[in-house]
Amino acid sequence: MAEYSWESYKETKFSKPLPLKGIRVLEVCTLVLGPSGPGFLARLGAEVIKCEVPPMGDTLRSMAPFSYFFKDQSTSLIRPNPNKYWVGLDLHKPEGQQLFLELAAKADIIEENLRPGVMERWNVGYRQISAINPGIIYISKTGFGQWGQYAEENRPSNDGAAQGMSGYAWISRFPGRPPLKNRLYVCDSYGALLGEVAVLAALYYRDRTGKGQYIELSQSEAIMRTMSWVWPYQQITGQGAEPAGNRDVSICPADTFRCADDTFVAIAAPDEEEFRGLCLAMGRPELAEDPRFADHLTRLQEENALEILQIIAEWARTRTAEEIERLAEEYGFAASRVYSIKDVVESEHSRARGFLAEVDDPLLGEFLDYEFPVMMSRTSPRVRWSVRPVGFDNEYVMKYILGKSEDEIRQLYQCGALGKWAQVRGRRPPPDWDGKAGLILSRE
Amino acid sequence: MEKQRWQDWIRERDDPRIASTKPEALDDITVLDLSYKSFAGCYCSSLLAEFGAEVLRAEPPGGDFIRKCTPYGILYRGEGLNYLSEGRNKFHITLNLEKPEARDILKSLVAQSDVLIETFRPGLMDEWGIGYERLKEINPRLIYASITLFGQFGPRSHSRMPGYDNIIQAISGNQYDNGEMLPEGKTYDECPWAVPTKAGPWIGWVVAGTYMAVGILAALHWRELTREGQALDVSAVEAYTSLEDWAAVWYQGAGVVSERFGNLNIGGWLYCFAPTRDGAVFLGGLRLEMWQAFADMLGKWDEWGAADWRDLADFSTREEQLKWAERVFAETSKYTSEELVRMAVEYGQKGRLAPITPVVAPVCSPEETMREPNWLDRGIFTPVQDPVYGEVIVAQAQYKLSETPIRTKWVCRPVGYDNEYIYLKYLGFGPRKLKKLKEAGVI
């Protein structure tokens with residue numbers, strides 16, 4: 001049985017090794033595109049040292065849904081930043097740069113998402129680091145890459161800019177309506193994820209050869225890669241790709257429909273058996289024999305697709321989402337309610353799988369976080385702890401990793417190379433912090 | 001000696017134009033891709049094939065249904081356009097796993113492979129006697145990667161529901177709160193577009209496939225250290241859900257269910273699409289000074305009292321965002337998108353708060369994107385010269401690497417195109433044996 005390998009997976013996670021054990025990552029990242037990448041590696045067991053400029057740190061620390069902060073922490077900061085060590089390091093200062101070089105000499109991977117050339121100006125660019133650590137894997141993530149017109153113009157970018165400039169938003173809306181920005185920071189999160197494919201391919205290559213390398217990722221280019229048919233379609237037909245609302249123009253029928261109770265249900269039934277099942281469920285078996293809907297390629301043609309989707313829409317208006325889900329199970333097609341975040345968080349299935357992971361954090365208390373969504377039978381990724389104030393782990397990193405003495409550490413604070421959080425919401429510890437919880441060293 | 005500019009130095013090393021002169025990161029790896037009716041699996045094996053893995057793409061003799069999932073039913077030289085983009089660098093063989101003999105062939109291939117990707121409903125591979133528990137006996141170093149709608153275990157893993165992209169998007173939670181708001185006093189009948197809206201591209205499938213590629217590569221690294229293979233399990237729903245940043249924490253902490261907020265951003269101000277005279281732009285100013293710079297750029301520094309603003313959080317509540325959006329949109333509507341983009345670039349040079357400037361980016365159609373000189377220069381739309389399909393544009397070179405860059409050698413292959421070569425190379429099957437297998441419906 002497939003389930004044999006997965007028996008007690010959730011319960012035994014912590015009795016398994018982590019796949020990236022022993023890999024050290026330095027990040028100089030802000031917002032979502034940058035930190036999410038090391039966040040994935042941290043879930044896989046890499047030791048990630050997040051360097052922030054004190055006392056304000058990552059810009060993401062200011063962001064929260066309608067200004068709702070979770071125990072004084074930015075709600076948005078949590079997802080991209082589990083399991084990290086937090087260092088308040090000022091790279092504007094020569095002493096801070098020197099400290100970074102010391103860490104880089106002992107690192108395997110460096111990730112940054114500043115504008116092109118900034119790291120080099122701070123004497124910690126790829127040319128400087130690879131001179132002291134040729135095995136380093138160094139990734140820069142930006143809107144437009146390191147070279148080309150936009151990079152030369154030093155244009156800033158955000159997720160939303162990439163959604164706009166790639167055409168992703170333009171085709172993700174209803175026809176005749178203005179372009180729609182996706183509510184996810186999809187170009188950030190996806191760009192970061194795709195970047196790790198390159199980082200880990202480079203790590204595998206280094207395992208084989210000992211050679212490091214430099215990687216550049218543009219979040220716009222990353223999201224363009226996901227838009228499969230759009231590019232050959234435009235080349236081959238000479239026409240621009242058009243938006244189609246909730247209808248999938250490559251799969252028919254596949255769309256979202258409004259139900260009797262004004263909830264919404266997604267339905268898909270493209271292959272012959274699924275389509276026949278849907279027709280039977282609708283009490284319209286003759287549609288499966290209709291020449292306009294004879295096979296998938298025929299159904300996909302514009303006129304036929306609009307016709308069948310209209311028929312399904314009229315039927316769905318007379319049923320509740322639950323009824324349609326039940327019929328789908330019975331007749332062998334796909335249908336589901338559109339889930340809200342409440343449905344997601346309360347999913348028993350995701351709980352049973354441990355995708356919804358209970359984190360018992362010394363600073364934030366208990367809450368559910370998303371586990372890394374690749375379950376690995378021998379080396380289970382996992383979330384262990386959550387976000388920390390700026391510079392929270394300075395002492396641990398200076399002493400345990402760099403072997404600095406108390407005197408040296410004091411000097412580093414004095415010259416401003418090291419620093420800690422500002423007494424500002426999103427930067428400081430939770431209000432109920434006892435001054436000790438979560439600190440690894442220097443609790444007195 | 002004058003040091004070379006960074007951007008020139010790195011371009012000399014990572015420009016996709018010289019990719020073919022460099023080594024490939026995964027060229028000692030063999031991947032068996034059994035994906036069926038799932039773009040997630042195809043995308044995953046593409047990411048590995050771009051890095052030089054030898055991917056044996058096995059389909060049923062009639063070809064995978066996914067080939068027929070193509071916009072408006074359009075075929076190009078017999079091929080669907082999605083598959084045309086995602087058959088890249090793979091050797092295409094046929095293998096009818098319904099037949100016991102084919103399963104024996106599969107076992108022989110598994111004995112010589114590093115990675116197996118499959119997307120069948122959970123349990124089917126076991127019923128066929130080729131599940132992970134059996135295959136790991138043949139090859140303990142095998143990395144066995146399953147991508148399905150709900151995953152290999154848990155109560156819903158027994159569901160037989162097919163996992164199409166729009167279904168993934170619906171169950172992930174990410175469609176529900178995406179889309180235009182229903183204007184006050186209006187109904188869905190009047191505004192059928194103000195509903196939960198999915199993303200156009202197959203992002204659910206793509207995210208699942210990309211996560212799996214990350215998992216496979218982490219497992220390969222682990223295998224280098226220990227010689228141990230393992231099974232990997234991705235639920236496409238969970239994969240896409242996990243891109244969500246703050247809604248789950250908000251719901252747990254405050255009991256709030258995230259609802260649609262149109263082109264604004266629940267997660268903070270200034271971050272929206274704004275209308276212009278000829279289209280729309282994206283506006284980004286996630287630091288107070290950037291929002292101030294934006295107001296200044298529009299000539300509203302005094303009128304809006306920008307000098308007295310203290311905290312962006314004051315602008316980020318629902319009411320404030322709606323109020324300010326109205327003011328901002330009234331201003332942006334006076335300019336073209338191009339004018340606003342230029343104003344931001346110039347403000348970054350000469351403005352009161354320079355070099356601080358807001359992010360202003362045009363919202364482009366994919367047609368405009370594909371013509372944009374910046375992207376053409378960076379090689380993402382360089383046509384591939386395919387031996388079967390001729391010159392085809394697919395997105396490629398999405399990351400640039402100095403030592404082991406990715407490359408697209410061909411875009412696609414017809415069904416069973418590589419049977420002769422692959423079966424000879426791996427199993428020693430010559431023409432006579434292949435003919436017999438074909439007649440028996442095995443390949």
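Residues numbered from 1 in each chain as written. Chains lettered and ligands numbered in written order. Predicted model: local features only at pLDDT ≥ 70, side-chain atom pairs only at ≥ 80, totals over all residues.

## Points about the overall build of chain A
- Within chain A, the secondary structure is distributed over 19 helices and 12 strands.
- Once the C-alpha set of chain A is aligned to its principal axes, its extents read approximately 85 × 50 × 45 Å.
- In chain A, which comprises 444 residues, the share counted as buried stands at 61%.
- Of the contacts made within chain A by residues no fewer than 6 positions apart, 70% connect residues no fewer than 24 positions apart. (Helix = DSSP H or I, 4+ residues; strand = E, 2+ residues; numbered from the N terminus. Buried ≥ 20, exposed ≤ 12 C-beta atoms within 10 Å, placed from the backbone. Contact = placed C-beta atoms within 7 Å.)

## Quick word on the overall build of chain B
- Along chain B, the regular secondary structure elements total 17 helices and 14 strands.
- For the C-alpha atoms alone, the extent of chain B along its principal axes is close to 85 × 65 × 45 Å.
- When contacts within chain B are restricted to residue pairs at least 6 apart in sequence, those whose partners lie at least 24 apart make up 70%.

## Digging into helix H12 (residues 318-332) of chain B
Residues and elements named next belong to chain B.
- The terminal C-alpha atoms of H12, which comprises 15 residues, lie 21 Å apart, in line with the 21 Å expected from a rise of 1.5 Å per residue.
- Buried residues of H12: Gln321, Val328 and Thr332, and no others.
- Those residues of H12 hidden inside the fold are in contact with strand S9 (271-276), strand S10 (279-284) and helix H13 (337-350). (Expected span 1.5 Å × (residues − 1).)

## Here's the deal with the nonpolar core
- A:Ala201, B:Ala208, B:Met212, B:Ile216, B:Leu232 and B:Ala236 are the most contacted members of the largest nonpolar core, which has 283 residues in total.
- Those residues in contact with B:Leu232 that sit more than four places away from it in its chain are A:Val374, A:Met375, A:Met376, B:Ile143, B:Tyr144, B:Ala145, B:Ser146, B:Met212, B:Gly215, B:Ile216 and B:Ala219. (Core = buried A, V, L, I, M, F, W, Y, C linked by C-beta atoms within 7 Å.)

## What to know about the interface of chain A and chain B
- Of the residues lining the interface, 154 residues belong to chain A; the matching set on chain B comes to 150 residues.
- Of all the elements, helix H9 (residues 186-209) of chain A adds the most residues to the side of chain A that touches chain B, at 16 residues.
- Split by residue class, the side of chain A that touches chain B holds 86 nonpolar, 43 polar and 25 charged.
- Note: strand S6 (residues 213-218) of chain A against strand S14 (residues 399-401) of chain B, three bridges, orientation antiparallel. By the bridge assignment for S14(B), A:Ile215 is matched with B:Leu401. (Nonpolar A, V, L, I, M, F, W, Y, C, P; charged D, E, K, R; others polar. Pairing = 2+ DSSP bridges.)

## Comments concerning the sheet that holds strand S2 (residues 47-52) of chain A
- Taken in spatial order, the seven strands make up an open sheet running S3(A)-S2(A)-S1(A)-S4(A)-S5(A)-S6(A)-S14(B), and their pairing is mixed. At either margin of the open sheet sits one strand with a lone partner, and together these are strand S3 (84-88) of chain A together with S14 of chain B. Between one strand axis and the next, the sheet turns through 20° on average, direction left out of account.
- Summarising the sheet, strand S4 (residues 109-112) of chain A and strand S5 (residues 137-142) of chain A pair through four bridges and their orientation is parallel. Note that in S5(A) the partner of A:Ile109 across the bridge is A:Ile137.
- Helix H18 (residues 394-401) of chain A contacts S2 and S3 of chain A of the sheet and is inclined by roughly 100° relative to S3(A). (Axes fitted to C-alpha atoms, helices over the stretch in contact; angles between N-to-C directions.)

## Some thoughts on the pairing of strand S1 (residues 30-33) of chain B
Residue and element names in this part refer to chain B.
- Strand direction decides the pairing type here: S1 and strand S2 (residues 54-59), joined by four bridges, are parallel. Following the sheet pairing, Asp33 is matched in S2 by Arg57.
- Taken together, the three bridges between S1 and strand S6 (residues 115-118) define a ladder with parallel strand orientation. Opposite Asp33, over in S6, you have Ile117 as the bridge partner.

## Comments concerning the sheet that holds strand S7 (residues 143-148) of chain B
- Pairing is mixed across the open sheet formed by seven strands, whose spatial order is S12(A)-S8(B)-S7(B)-S6(B)-S1(B)-S2(B)-S5(B). Both outer strands of the open sheet, strand S12 (374-376) of chain A together with strand S5 (91-94) of chain B, are each paired with one neighbouring strand and no more. Recorded for the sheet is a direction-independent mean angle of 20° between the axes of neighbouring strands.
- Contacting S2 and S5 of chain B, helix H16 (residues 419-427) of chain B runs over the sheet at an angle of about 85° to S5(B).

## A few points about the packing of helix H3 (residues 33-43) of chain A against H9(A)
Residue and element names in this part refer to chain A.
- At a closest axis distance of 8 Å, the pairing of H3 and H9 adopts a crossing angle of 45°. As far as their axial angle goes, H9 and H3 are oblique. The crossing of H3 and H9 is right-handed. Of the residues in H9, those touching H3 at Leu33, Ser36, Gly37, Phe40 and Leu41 are Asp188, Ser189, Gly191, Ala192, Leu193, Gly195 and Glu196.
- Here the residues of the contact of H3 with H9 are counted per class, giving five nonpolar, five polar and two charged. (Parallel < 35°, antiparallel > 145°, perpendicular 65-115°, else oblique. Left-handed = near helix turned anticlockwise from the far one by under 90°.)

## Side note on the domain arrangement of chain A
- In terms of domains, chain A is made up of domain 1 (3-225 + 361-414) and domain 2 (254-343).
- Of note, the centres of domain 1 of chain A and domain 2 of chain A, computed from C-alpha atoms alone, are 42 Å apart. (Domains from an automatic or database assignment.)

## Details of helix H8 (residues 203-226) of chain B
- Here H8(B) spans 34 Å end to end across 24 residues, near enough to the 34 Å set by a 1.5 Å rise per residue.
- With 21 of its 24 residues buried, H8(B) lies for the most part within the structure.

## Here we look at the confidence of the model for chain B
- On average, chain B scores 97 in pLDDT, and the residues at 70 or more come to 100%.
- The complex model carries a pTM of 0.98, and its ipTM stands at 0.98. (pLDDT = per-residue confidence, 0-100.)

## Examining the environment of B:Leu401
- Checked against the element boundaries, B:Leu401 lands in strand S14.
- Taking the number of C-beta atoms within 10 Å as the measure of exposure, B:Leu401 has 27 and is therefore buried.
- Remark: the alpha-carbon pair of B:Leu401 and B:Lys334, spanning 67 residues in sequence, is separated by 43 Å.
- In this structure B:Leu401 touches A:Ala198, A:Ala202, A:Gln213, A:Ile215 and B:Asp14, once residues within four positions along its chain are discounted.

## Details of unusual backbone geometry
- Cis geometry is found at the peptide bond from A:Pro54 to A:Pro55, where omega equals 0°.
- Among the structural elements, A:Pro55 can be located in the loop between S2 and S3.
- In this model, A:Cys252 is joined to A:Pro253 through a cis peptide bond whose omega is -5°.
- The backbone phi angle of A:Phe66 is positive, close to 45°, even though this residue is not glycine.
- Inspection of the secondary structure puts A:Phe66 in the loop between S2 and S3.
- Residue A:Phe66 is classed as buried on the basis of its 21 C-beta neighbours within 10 Å.
- Although it is not a glycine, B:Arg227 sits at a positive phi angle of roughly 70°.
- With respect to the helices and strands, B:Arg227 occurs in the loop between H8 and strand S8 (230-235).
- The exposure class assigned to B:Arg227 is exposed, which follows from the 9 C-beta atoms found within 10 Å.

## Quick word on the pairing of S4(A)
All names here are of chain A.
- Side chains Ile109 and Glu111 of S4 all project onto a buried face; the interleaved residues Ile110 and Glu112 project onto the opposite face, where all are buried too.
- Across four bridges, strand S1 (residues 24-28) lies against S4 in parallel orientation. Residue pairing across strands places Glu27 opposite Glu111, the latter belonging to S4.

## Brief notes about the environment of A:Met375
- Topologically, A:Met375 is positioned in strand S12.
- For the pair formed by A:Met375 and A:Gly354, sequence separation is 21 residues and the distance between their alpha carbons is 9.2 Å.
- Excluding residues within four positions of it along the chain, A:Met375 makes contact with A:Tyr9, B:Gly151, B:Leu232 and B:Asp233.

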